[in-house]
Amino acid sequence: QVKLVESGGGLVQAGDSLRLSCAASQRTFGTHAMGWFRQAPGKEREFVATISRSGGSPVYADSVKNRFTISRDNANTMYLQMDSLKPEDTAVYFCAAARLRAGTSREDYNYWGQGTQVTVSS
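Thresholds, definitions, all that
- Residues numbered from 1 in each chain as written.
- Predicted model: local features only at pLDDT ≥ 70, side-chain atom pairs only at ≥ 80, totals over all residues.
- Heavy atoms only, no water.
- Core = buried A, V, L, I, M, F, W, Y, C linked by side-chain atoms within 4.5 Å.
- Buried < 20%, exposed > 50% of the residue type's maximum accessible area, 1.4 Å probe, protein only.
- Helix = DSSP H or I, 4+ residues; strand = E, 2+ residues; numbered from the N terminus.
- Contact = heavy atoms within 4.5 Å.
- Polar contact = N/O pair within 3.5 Å; in protein donor to acceptor, adjacent residues only side chain to side chain.
- Pairing = 2+ DSSP bridges.
- Disulfide = S-S within 2.5 Å.

Describing the nonpolar core
Part 1: Leu4, Trp36, Leu80, Met82 and Tyr93 are the most contacted members of the largest nonpolar core, which totals 35 residues.
Part 2: Among the elements that make up this core, the one with the highest residue count is strand S9 (residues 91-98) (6 residues).
Part 3: In contact with Leu80, not counting residues within four places along its chain, are Leu18, Arg19, Leu20, Trp36, Val48, Ala49, Phe68, Thr69, Ile70 and Tyr93.

What follows is the structure in structure tokens.
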């Protein structure tokens, strides 16, 4: 069982940056692919970005491409650097871990964090 805890959310203005972190309860580098999802009020949880077990092959949703950067260290922490934030990025951001592959669907992931709120004002 992998437990995940997100941190780094907050209230910012449009154009600002935030860095989210996701700490796992055990080493996940080399064993689990990791991903970020987000859920805005009244909407489905949607894919944001994913990274492979070894830290390569990042994949991004079109809505965040060239603004967000996913990365991970070689132990148990994953990051999401969010630049040029927009009001439509407002959501609860969740990190997730996958035993098999770095997919873009919620069903690809086995473990989830509780989420961290990101609010971007205009």
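Comments concerning the side chain of His32
Part 1: Inspection of the secondary structure assignment puts His32 in the loop between strand S3 (18-24) and strand S4 (33-39).
Part 2: In this structure His32 comes out as buried when scored by relative accessible area, which is 8%.
Part 3: A polar contact is formed between the side chain of His32 and the side chain of Thr31, at a distance of 2.8 Å.
Part 4: Apart from residues lying up to four places away in sequence, His32 is in contact with Val2, Gln26, Arg53, Arg72, Ala97, Ala98, Arg99 and Tyr111.

A closer look at the environment of Gly8
Part 1: Position of Gly8 among the secondary structure elements: in the loop between strand S1 (4-7) and strand S2 (10-13).
Part 2: Look at Gly8 and you get partly exposed, because its relative accessible area is 34%.
Part 3: Spatially, the C-alpha atoms of Gly8 and Pro58 are 21 Å apart, while their sequence positions differ by 50 residues.
Part 4: In this structure Gly8 touches Leu18, Arg19, Leu20 and Thr116, once residues within four positions along its chain are discounted.

Some words on the environment of Gln13
Part 1: Residue position: Gln13 is located in strand S2.
Part 2: The exposed category is assigned to Gln13, whose relative accessible area is 52%.
Part 3: Taking the C-alpha atoms as reference points, Gln13 and Ser84, separated by 71 residues in sequence, lie 9.5 Å from one another.

Details of the pairing of strand S8 (residues 77-82)
Part 1: With 5 of its 6 residues buried, S8 lies for the most part within the structure.
Part 2: Two strands pair when backbone bridges link them, and S3 and S8 are joined in this way by 6 bridges, in the antiparallel orientation. Directly across from Leu18, in S8, lies its bridge partner Met82.
Part 3: The antiparallel pairing of strand S7 (residues 68-72) with S8 creates a hairpin that spans 4 residues between the two strands.

Details of the state of the cysteines
In protein chemistry, a disulfide is the covalent bond that joins the sulfur atoms of two cysteines.
Part 1: Considering all chains together, one arrives at 1 disulfide under this definition.
Part 2: One disulfide in the model links Cys22 with Cys95; its S-S distance is 2.1 Å. With the S-S bond torsion at 60°, the cross-link from Cys22 to Cys95 turns out right-handed. Of this pair, Cys22 sits in strand S3 while Cys95 sits in strand S9, and the two are 73 residues apart along the sequence.

Details of the pairing of S9
Part 1: The element S9 is largely enclosed, with a buried count of 7 among its 8 residues.
Part 2: Pairing between S9 and strand S11 (residues 116-121): 3 bridges, direction antiparallel. The residue of S11 that forms the bridge with Ala91 is Val118.
Part 3: When S9 meets strand S10 (residues 111-112), the two strands line up antiparallel, connected through 2 bridges. In the sheet register, Ala96 faces S10, and the bridge partner there is Trp112.

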